[in-house]
Amino acid sequence: GVFLGAQMGSETTAAAIGKTGVLRRDPMAMLPFCGYNIGDYLNHWLGIGEKLLRPPKIFSVNWFRSDKNGNFLWPGFGQNIHILKWITDRVDNRIQAQEGALGLMPYLDDLSDGIISREKIEEVFFVQPTEWQTEIEEIKKFFEIFGKRLPKEMWQELEDLKSRLHGYSIAEE
(Lines give C-alpha, C1' and ligand atoms only; values in the text may rest on other atoms or scores of the structure.)
Protein backbone atom coordinates (compact mmCIF):
# COMPACT_ATOMS: atom_id res chain seq x y z
CA GLY A 1 0.00 0.00 0.00
CA VAL A 2 2.81 2.42 0.81
CA PHE A 3 4.35 1.70 -2.60
CA LEU A 4 1.04 2.50 -4.33
CA GLY A 5 0.96 5.82 -2.52
CA ALA A 6 4.67 6.49 -3.08
CA GLN A 7 4.59 6.11 -6.84
CA MET A 8 1.31 7.92 -7.36
CA GLY A 9 1.18 10.53 -10.06
CA SER A 10 -1.27 13.39 -10.13
CA GLU A 11 -1.75 16.71 -11.82
CA THR A 12 -0.46 19.77 -10.01
CA THR A 13 -2.99 22.06 -8.38
CA ALA A 14 -2.89 25.55 -6.93
CA ALA A 15 -1.40 24.03 -3.75
CA ALA A 16 1.79 23.13 -5.63
CA ILE A 17 4.35 25.59 -6.92
CA GLY A 18 4.48 25.89 -10.70
CA LYS A 19 1.96 25.34 -13.45
CA THR A 20 -1.33 23.64 -12.71
CA GLY A 21 -2.39 20.57 -14.67
CA VAL A 22 1.12 19.11 -15.08
CA LEU A 23 1.53 15.40 -14.27
CA ARG A 24 4.07 14.74 -11.53
CA ARG A 25 4.83 12.18 -8.84
CA ASP A 26 3.15 13.13 -5.59
CA PRO A 27 3.26 10.49 -2.84
CA MET A 28 -0.15 10.22 -1.22
CA ALA A 29 -0.84 13.71 -2.63
CA MET A 30 1.32 15.13 0.20
CA LEU A 31 4.40 16.55 -1.55
CA PRO A 32 3.35 20.21 -1.21
CA PHE A 33 2.43 19.71 2.44
CA CYS A 34 5.07 17.37 3.84
CA GLY A 35 7.48 19.22 6.11
CA TYR A 36 10.23 16.60 5.97
CA ASN A 37 11.98 14.21 3.58
CA ILE A 38 9.50 12.03 1.71
CA GLY A 39 11.77 9.02 2.24
CA ASP A 40 11.34 9.46 5.99
CA TYR A 41 7.60 10.01 5.49
CA LEU A 42 7.27 6.71 3.60
CA ASN A 43 9.35 4.92 6.23
CA HIS A 44 6.96 6.26 8.86
CA TRP A 45 4.01 4.64 7.05
CA LEU A 46 5.88 1.36 6.66
CA GLY A 47 6.45 1.38 10.42
CA ILE A 48 2.76 1.91 11.07
CA GLY A 49 1.93 -0.99 8.76
CA GLU A 50 4.24 -3.31 10.69
CA LYS A 51 2.33 -2.57 13.90
CA LEU A 52 -1.14 -3.28 12.54
CA LEU A 53 -2.69 -6.62 13.43
CA ARG A 54 -5.12 -6.36 10.51
CA PRO A 55 -3.77 -3.94 7.90
CA PRO A 56 -6.38 -2.48 5.58
CA LYS A 57 -6.77 -3.59 2.00
CA ILE A 58 -5.59 -0.80 -0.25
CA PHE A 59 -6.85 -0.17 -3.76
CA SER A 60 -5.70 1.94 -6.66
CA VAL A 61 -8.09 3.10 -9.35
CA ASN A 62 -7.25 5.22 -12.37
CA TRP A 63 -10.53 6.70 -13.53
CA PHE A 64 -8.69 8.83 -16.10
CA ARG A 65 -7.00 6.34 -18.44
CA SER A 66 -7.50 7.37 -22.04
CA ASP A 67 -7.77 5.45 -25.29
CA LYS A 68 -5.71 6.22 -28.39
CA ASN A 69 -8.20 8.99 -29.30
CA GLY A 70 -7.87 10.71 -25.93
CA ASN A 71 -11.29 9.57 -24.68
CA PHE A 72 -11.60 8.26 -21.14
CA LEU A 73 -11.80 4.47 -21.04
CA TRP A 74 -14.03 4.36 -17.97
CA PRO A 75 -17.58 5.28 -18.97
CA GLY A 76 -17.94 8.00 -16.37
CA PHE A 77 -18.77 9.01 -12.86
CA GLY A 78 -22.17 7.28 -12.87
CA GLN A 79 -20.48 3.91 -13.36
CA ASN A 80 -17.96 4.24 -10.52
CA ILE A 81 -20.33 2.29 -8.27
CA HIS A 82 -19.30 -0.92 -10.08
CA ILE A 83 -15.70 -0.56 -8.94
CA LEU A 84 -16.68 0.70 -5.50
CA LYS A 85 -18.98 -2.32 -5.03
CA TRP A 86 -16.15 -4.65 -6.05
CA ILE A 87 -13.86 -2.92 -3.53
CA THR A 88 -16.37 -3.25 -0.68
CA ASP A 89 -16.98 -6.89 -1.62
CA ARG A 90 -13.19 -7.50 -1.48
CA VAL A 91 -12.90 -5.76 1.88
CA ASP A 92 -15.70 -7.95 3.24
CA ASN A 93 -14.17 -11.10 1.65
CA ARG A 94 -17.29 -11.74 -0.47
CA ILE A 95 -15.38 -11.78 -3.73
CA GLN A 96 -12.00 -12.97 -4.98
CA ALA A 97 -9.29 -11.26 -7.00
CA GLN A 98 -6.77 -12.60 -9.48
CA GLU A 99 -3.03 -12.00 -9.69
CA GLY A 100 -2.22 -9.59 -12.47
CA ALA A 101 0.76 -7.68 -13.73
CA LEU A 102 -0.13 -4.72 -11.51
CA GLY A 103 -1.16 -6.74 -8.47
CA LEU A 104 -4.54 -8.15 -7.49
CA MET A 105 -7.17 -7.38 -10.10
CA PRO A 106 -10.90 -8.07 -10.44
CA TYR A 107 -12.14 -11.05 -12.36
CA LEU A 108 -13.75 -9.28 -15.30
CA ASP A 109 -16.98 -11.27 -14.96
CA ASP A 110 -17.43 -9.68 -11.53
CA LEU A 111 -17.69 -6.24 -13.16
CA SER A 112 -19.59 -7.04 -16.35
CA ASP A 113 -23.27 -6.86 -15.46
CA GLY A 114 -24.75 -5.63 -18.73
CA ILE A 115 -24.52 -1.93 -17.91
CA ILE A 116 -20.87 -1.86 -18.99
CA SER A 117 -19.98 -4.07 -21.94
CA ARG A 118 -17.51 -6.91 -21.56
CA GLU A 119 -15.48 -5.32 -24.38
CA LYS A 120 -15.23 -2.02 -22.44
CA ILE A 121 -14.25 -3.83 -19.23
CA GLU A 122 -11.50 -5.71 -21.09
CA GLU A 123 -10.20 -2.45 -22.54
CA VAL A 124 -10.19 -0.75 -19.13
CA PHE A 125 -8.18 -3.55 -17.52
CA PHE A 126 -5.82 -4.28 -20.41
CA VAL A 127 -2.21 -3.87 -19.30
CA GLN A 128 0.28 -2.78 -21.94
CA PRO A 129 3.73 -3.72 -20.55
CA THR A 130 5.59 -1.36 -22.90
CA GLU A 131 3.60 1.60 -21.57
CA TRP A 132 4.52 0.56 -18.05
CA GLN A 133 8.23 0.54 -18.90
CA THR A 134 8.02 4.33 -19.22
CA GLU A 135 6.07 4.53 -15.98
CA ILE A 136 8.69 2.41 -14.19
CA GLU A 137 11.49 4.67 -15.41
CA GLU A 138 9.62 7.75 -14.16
CA ILE A 139 9.03 6.13 -10.77
CA LYS A 140 12.72 5.19 -10.58
CA LYS A 141 13.83 8.77 -11.35
CA PHE A 142 11.46 10.09 -8.73
CA PHE A 143 12.66 7.62 -6.10
CA GLU A 144 16.30 8.53 -6.81
CA ILE A 145 15.60 12.08 -5.60
CA PHE A 146 15.35 10.79 -2.03
CA GLY A 147 18.65 8.93 -2.12
CA LYS A 148 19.45 6.70 0.83
CA ARG A 149 16.45 8.02 2.77
CA LEU A 150 14.02 6.15 0.52
CA PRO A 151 13.10 2.86 2.22
CA LYS A 152 14.57 -0.23 0.55
CA GLU A 153 11.04 -1.68 0.47
CA MET A 154 10.10 0.88 -2.19
CA TRP A 155 12.94 -0.30 -4.43
CA GLN A 156 11.92 -3.92 -3.85
CA GLU A 157 8.31 -3.21 -4.79
CA LEU A 158 9.49 -1.48 -7.96
CA GLU A 159 11.61 -4.52 -8.84
CA ASP A 160 8.64 -6.80 -8.15
CA LEU A 161 6.46 -4.70 -10.45
CA LYS A 162 9.09 -4.89 -13.20
CA SER A 163 9.28 -8.65 -12.77
CA ARG A 164 5.49 -9.10 -12.95
CA LEU A 165 5.29 -6.95 -16.06
CA HIS A 166 8.12 -8.91 -17.69
CA GLY A 167 6.30 -12.17 -16.94
CA TYR A 168 3.04 -10.69 -18.24
CA SER A 169 4.74 -9.53 -21.42
CA ILE A 170 6.20 -12.96 -22.10
CA ALA A 171 2.88 -14.70 -21.39
CA GLU A 172 1.02 -12.40 -23.78
CA GLU A 173 3.37 -12.86 -26.73
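That block above? That's the structure.
These figures come from a predicted structure and were not determined experimentally.

**Q** Explain unusual backbone geometry residue by residue, including any values.
**A** Both trends apply: most residues other than glycine have a negative phi, and most peptide bonds are in trans. Backbone geometry at Asn93 places phi at a positive 60 degrees, although glycine is not the residue there. As for its placement among the helices and strands, Asn93 is situated in the loop between helix 3 (80-91) and strand 3 (97-100). Residue Asn93 is classed as exposed on the basis of its relative accessible area, which comes to 57%.

**Q** Describe the pairing of strand 4 (residues 103-106), naming the residues involved and giving the relevant values.
**A** Alignment of strand 3 against strand 4, held across 4 bridges, turns out to be antiparallel. Pairing of Gly100 across the sheet is with Gly103, part of strand 4. In sequence, strand 3 turns back onto strand 4 through a hairpin of 2 residues.

**Q** Can you explain the pattern of salt bridges? Please cite residues and give values.
**A** In the structure shown here, the tally under the stated rule is 12 salt bridges. In this structure, Arg149 and Asp40 form a salt bridge, with 2.4 Å as the shortest nitrogen-oxygen distance. Of the two residues, Arg149 sits in the loop between helix 5 (129-144) and helix 6 (152-172) while Asp40 sits in helix 2 (residues 38-51), which places them 109 residues apart along the sequence. Residue class for Asp40 comes out partly exposed when judged on its relative accessible area of 28%. Linking Lys152 and Glu153 is a salt bridge whose minimum nitrogen-to-oxygen distance equals 3.8 Å. Residue Lys152 is classed as exposed on the basis of its relative accessible area of 64%. One network of salt bridges, in which partners are shared, links Lys85, Asp89, Asp92 and Arg94.

**Q** How would you explain the layout of surface pockets if you had to name every residue and give the values?
**A** Here the second largest pocket defines a volume of roughly 200 Å³. Lining the second largest pocket we find 14 residues, and of these Gln98, Gly100, Met105, Phe125 and Tyr168 sit closest to its centre. Of all elements in the fold, only strand 3, strand 4, helix 4 (118-125) and helix 6 reach the threshold of two or more residues within the lining of the second largest pocket. If one sorts the elements of the lining of the second largest pocket by residue count, strand 3 sits on top with 3 residues. Across the lining of the second largest pocket, the residue classes break down as 9 nonpolar, 2 polar and 3 charged.

Each value, and the rule that gives it
- Residues numbered from 1 in each chain as written.
- Predicted model: local features only at pLDDT ≥ 70, side-chain atom pairs only at ≥ 80, totals over all residues.
- Heavy atoms only, no water.
- Helix = DSSP H or I, 4+ residues; strand = E, 2+ residues; numbered from the N terminus.
- Buried < 20%, exposed > 50% of the residue type's maximum accessible area, 1.4 Å probe, protein only.
- Pairing = 2+ DSSP bridges.
- Salt bridge = Lys/Arg side-chain N within 4 Å of Asp/Glu carboxyl O.
- 1 Å grid on protein atoms, 1.4 Å probe; cavity = no way out; pocket = protein on both sides within 12 Å on 5 of 7 lines; lining within 4 Å.
- Points joined across faces, edges and corners; volume = space filled by probe spheres on them.
- Nonpolar A, V, L, I, M, F, W, Y, C, P; charged D, E, K, R; others polar.

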